[in-house]
Structures are given as structure tokens and as C-alpha cells.
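Chain by chain, the residues run as shown.
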Amino acid sequence: MKKELSGGCGIAMLAFTLIIIIFGIIAVFSMRADGEAGEGFLGLMVLIFLLSPFIYWGYLLLYKSLHPGEPVKLTKNAIRYGSAGLIVFGALMVWAIHTNNHAEKTPKPITEIAQEPKEPKDSVVITEVMEGDPYQELDELIGLESVKEEVHTLANFAKIQQQRKAQGLKVPKMSFHLVFTGSPGTGKTTVARIVARIYKDLGILKSGHTVETDRSGLVAEYVGQTAIKTNAVIDSALNGVLFIDEAYALVPQNASNDYGQEAISTLLKRMEDDRDKLVVIIAGYPNEMKRFIDSNPGLQSRFTRYINFPDYTDQELFDIFQLYLNKNQYSITDDAAQLLKDNLNYVVAHKTKNFGNARYVRNIFERAVEQQANRLSAKRSISDDELSLLTKEDIENAFKARK
């Protein structure tokens, strides 16, 4: 009875370890799809090492039940089957790792890539400080005269207050946080970057970089994660400007238990705790931003300076198109320029709330360049002038493609 019990325990221990090792091998093969077979193999080796006492005691109990009274030793069958098992195991692992490496180097077919679900990326962009004079860049912007005046007034006020402070005079408390209101494509992000550099020039900020984000960069999907996510973005903006585009989306209309409120609470606390090294600029449509600010007394007290960004006129949009031409070494025929002016005049006269302003013009420019490429692709010989010239046909087709 004792001999049968010992043998049964030995068989059970060996079977237990064999099953675990088999599952480990299956796991390694399943990890090939993710290119992680190498890591899986290392994990399996560690597992086998941890299971080695079970293998030893299982064999010991089984041997004693079959050969009572004899000293324990490896039998020929144990050596034969063990060696065969190790060879098969090694061959499987080598093949798994080899095909894993091959899969890593072999690009997926385009059809597979298209079918893969794409995870949404957080909208967080860090813009480092560029060289140059921010005041000059501000003045060289097309249009936005009222915006330039507001920024210069803010800069002059901050400059004089800094001088008063240096002379030991009393300085009234002032907020450098800003609210930018206006339609899309009116230069809010560009001016925010310039303001950050002006603040650095005045000594208000040490770095002057800009961290640009929106709701997706601050709000998480699960309870308790939004504060962590928001704090991480704020940490990256310290000594610079945090620019939140479409900030009103943090407080959706008719939405209860939305995580955006957690982001706002976190932001307000950090604006107070880090008031000497954090400037926040929020942006969006005028009415939506008013609703957003009015939704929270903390926002009302911290955001007191508003700068409105007017829509561009048709002439300003034409000048922006000319700017794209010059930057990219293109020119335009006279009849194409006239067609562009006429179309922009019509578009501005019939624009909707969501009109993209400078973004719309950039899109027209890109479409015009594409149409030029289509027109020239059929020609065998193309001159340098032709490569740089946009015609009336290109502009006409660009507007058609945009619709």
C-alpha cells in the first residue's frame, strides 16, 4: 500500500509539472504574434527552474515505488526519454524564436494594417521655444490687429510692473492667464506660442515652451485616472504655457457625472499651487467659452483677461495663400489669382460658424498643388517654371475637390 501511494504521488507530481510546462510552451507560441516569444522563453526557463524540485521529488518517489531498497539513480529509460524531451523542447523554442524574429522584420500586408483597430492618441503637443524676436513675429502676422494691440498692452503692463517690483514699489496682483475666443483657424495657437516666448522675455516664465492639448489629453476613461492624467500634462507645462484648445469640451452641455469636472478641479488647484511657474491659456468659440467660464467660480476668478480673434477677411485669406506660395516656392498666374480672390470673397460672404479661416486656405493650397501634380504628370518634359506655377485650372479644381 505504501509503495502504491508513493508511486501515485510521484506520478501526480511529474504530471503536474508536465502540464504546466506544456501550457508554458503554448504561451510562448501565442506570444509570437506580438513579437515577444523571446521574453516568453525566458519566463518559461525560470518556471522550469522553479519546478525542478517537483520534478526531482516526483522522480524520487516513482523510482522508490518501482525499485524498493535500491539507491536512486537515473534509469536508461529516464535518460532516453528525458534527452528526447529536451531535444524536442529545444527545437520548438528555437523555431518559435526564429519565426518570432522573422515576423518582427516582415511588414504586415497593407490590408491587415487597415483592418487593425487604431487606438486614439492623446492630443498633447509640446512646442519648444524657437529662436527669434517674438514681438516681431507677432507684428508680422497677417491681420489680427486687435489681437496684436491686446498682446502688446499686456506685455507693456507686465514690463512696467516688473520694473516697479525691482524698485521696491508695490505691485498689484495680476493674472497672466488668458482666454482666447474665436473661430477655428484664426491664429490662437500661433499667438499662444508667441505669448509664451514674450512671458519668458519678461521674466514671468523661465522656459517659455508651450504644451498644447484639449479634452482628450486631460480626461481619462475611468474613475480616478483623470487627475493623474491632468497632473502629468501640467507637470510638462511648468515654467511654460499650458494651452487648452476647445476648453469648453471639459464641461459638456447636459452631461452629468462627466470626468471633465475632475480635470477642471485638478487644473484650478495646480494653478494656485504653481501660480509662479504656470500660465494657462484656454481657447474656443466665444459663446461656448462664456458658458464654460460661468460654470465654475474658480474659473471666473482666474480667467479675467479675454482676447477675441476675429475671422479673417477675404483679402487676408488671399494674403495667407500668398504666404503659403512664397514659403513653398510656388507662384500663381494672374487669372488664377483673380479666380482665387473671387472664390474667397464668395466663401467669406457665405461662411458658417465652423468656417476654418486659415485652415481652409491651407487646405485649398494643398489641393491646388495636388491638382497641379495631376495636370503635369501626363507630360514627359516639365520645365522648372511649370513645376512652380499654379494655373487657373489648378485653383478651379482645388475648390471643386474641397467641396
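Residues numbered from 1 in each chain as written. Predicted model: local features only at pLDDT ≥ 70, side-chain atom pairs only at ≥ 80, totals over all residues. Heavy atoms only, no water.

(A) Quick look at the overall build of the protein. In terms of regular secondary structure, the protein is built from 17 helices and eight strands. Counting all 403 residues of the protein, 36% fall into the buried class. Within the protein, contacts between residues separated by at least 24 positions form 75% of all contacts whose residues are at least 6 apart in sequence. As presented, the protein carries roughly 24200 Å² of accessible surface, and 57% of it is formed by carbon and sulfur atoms. (Helix = DSSP H or I, 4+ residues; strand = E, 2+ residues; numbered from the N terminus. Buried < 20%, exposed > 50% of the residue type's maximum accessible area, 1.4 Å probe, protein only. Contact = heavy atoms within 4.5 Å. Areas by Shrake-Rupley, 256 points an atom, 1.4 Å probe, with all protein chains shown as cover.)

(B) Structural context of helix α10 (residues 260-273). The end-to-end C-alpha distance of α10, which contains 14 residues, comes to 20 Å, matching closely the 20 Å that a straight helix rising 1.5 Å per residue would cover. Every buried residue of α10 is accounted for by Gly260, Ala263, Ile264, Thr266, Leu267, Leu268, Arg270 and Met271. (Expected span 1.5 Å × (residues − 1).)

(C) Representation of the nonpolar core within the structure. Counting residues in each nonpolar core, the largest one holds 53 residues, and the members touching the most others are Phe180, Tyr199, Ile281, Phe321, Ile332, Leu340 and Ile395. The residues touching Ile332, leaving out its near neighbours within four places in the chain, are Phe321, Leu325, Ala337, Leu340, Leu389, Leu390 and Ile395. If you look at the next biggest cluster of nonpolar residues, it comprises 28 residues, including Val219, Leu268, Met271 and Tyr285. (Core = buried A, V, L, I, M, F, W, Y, C linked by side-chain atoms within 4.5 Å.)

(D) Representation of the pattern of salt bridges in the model. All chains considered together, the criterion is met by 14 salt bridges. Between Lys269 and Asp273 there is a salt bridge whose closest N-O contact spans 2.7 Å. Here Lys269 pairs with Asp273, and both are found in helix α10, just four residues apart, close to one helical turn. Under the relative-accessibility criterion, Asp273 is labelled partly exposed at 46%. (Salt bridge = Lys/Arg side-chain N within 4 Å of Asp/Glu carboxyl O.)

(E) Spotlight on a negative patch on the surface. A surface patch of like charges, here negative, comprises Asp133, Asp139, Glu140 and Asp201. Within the fold, Glu140 resides in helix α5 (residues 134-140). Overall, the relative accessible area of 56% leaves Glu140 in the exposed class. (Patch = residues over 30% accessible without salt bridge, like charges linked within 9 Å, V, L, I, M, F, W, Y side chains within 5 Å. Lys, Arg positive; Asp, Glu negative; His and termini not counted. Charge placed at Lys NZ, Arg CZ, Asp CG, Glu CD.)

(F) Local environment of the pairing of strand β6 (residues 306-309). Because side chains alternate across β6, one face comprises the buried residues Ile307 and Phe309, and the other comprises Tyr306 and Asn308, none of which is buried. Inspection of the sheet shows strand β2 (residues 178-182) paired to β6 by four bridges, in the parallel sense. In the strand pairing of β6, Thr181 is matched with Asn308. (Pairing = 2+ DSSP bridges.)

(G) Fine view of unusual backbone geometry. Of note in the backbone geometry, Leu144 takes a positive phi value of approximately 55° without being a glycine. Tracing the backbone through its elements, the reader meets Leu144 in the loop between α5 and α6 (145-166). Despite not being glycine, Glu246 shows a phi value in the positive range, around 50°. Along the chain, the position of Glu246 falls in the loop between β4 (240-245) and α10.

(H) The side chain of Thr391, seen in detail. Within the secondary structure layout, Thr391 lies in the loop between β8 (389-390) and α17 (392-402). Relative accessible area serves as the criterion here: at 18%, Thr391 is assigned to the buried category. Apart from the residues lying within four places of it in its own chain, the contact partners of Thr391 are Thr333, Ala336 and Arg375.

(I) Structural view of the side chain of Lys148. With respect to the secondary-structure elements, Lys148 resides in helix α6. For Lys148, the side chain forms a polar contact with the main-chain oxygen of Gly143, separated by 3.2 Å. (Polar contact = N/O pair within 3.5 Å; in protein donor to acceptor, adjacent residues only side chain to side chain.)

(J) Broad picture of a nonpolar patch on the surface. Residues Leu18, Ile22 and Ile26 make up a contiguous nonpolar surface patch of roughly 280 Å² in combined accessible area. Locating Ile22 in the fold gives a position in helix α1 (residues 2-30).

(K) Layout of the packing of aromatic side chains. Applying the stated criterion to the full structure yields eight aromatic pairs. Here the aromatic rings of Phe176 and Tyr199 are separated by 5.5 Å at their centres, their planes lie at 70°, and the arrangement is edge-to-face. Of this pair, Phe176 sits in the loop between α6 and β2 while Tyr199 sits in helix α7 (residues 188-201), placing them 23 residues apart in sequence. Each of the two residues, Phe176 as well as Tyr199, counts as buried. Among the aromatic side chains, those forming a connected cluster through ring pairs are Phe321, Tyr324, Tyr330 and Phe365. For Lys341, the ring lying beneath its charged end belongs to Phe318, and the centroid distance is 4.9 Å. Between the NZ or CZ atom of Lys353 and the centre of the ring of Tyr285, over which it lies, the distance is 4.8 Å. (Phe/Tyr/Trp six-rings, centres within 6.5 Å; stacked < 30°, edge-to-face > 60°. Lys NZ or Arg CZ within 6 Å of the ring centre and 35° of its normal.)

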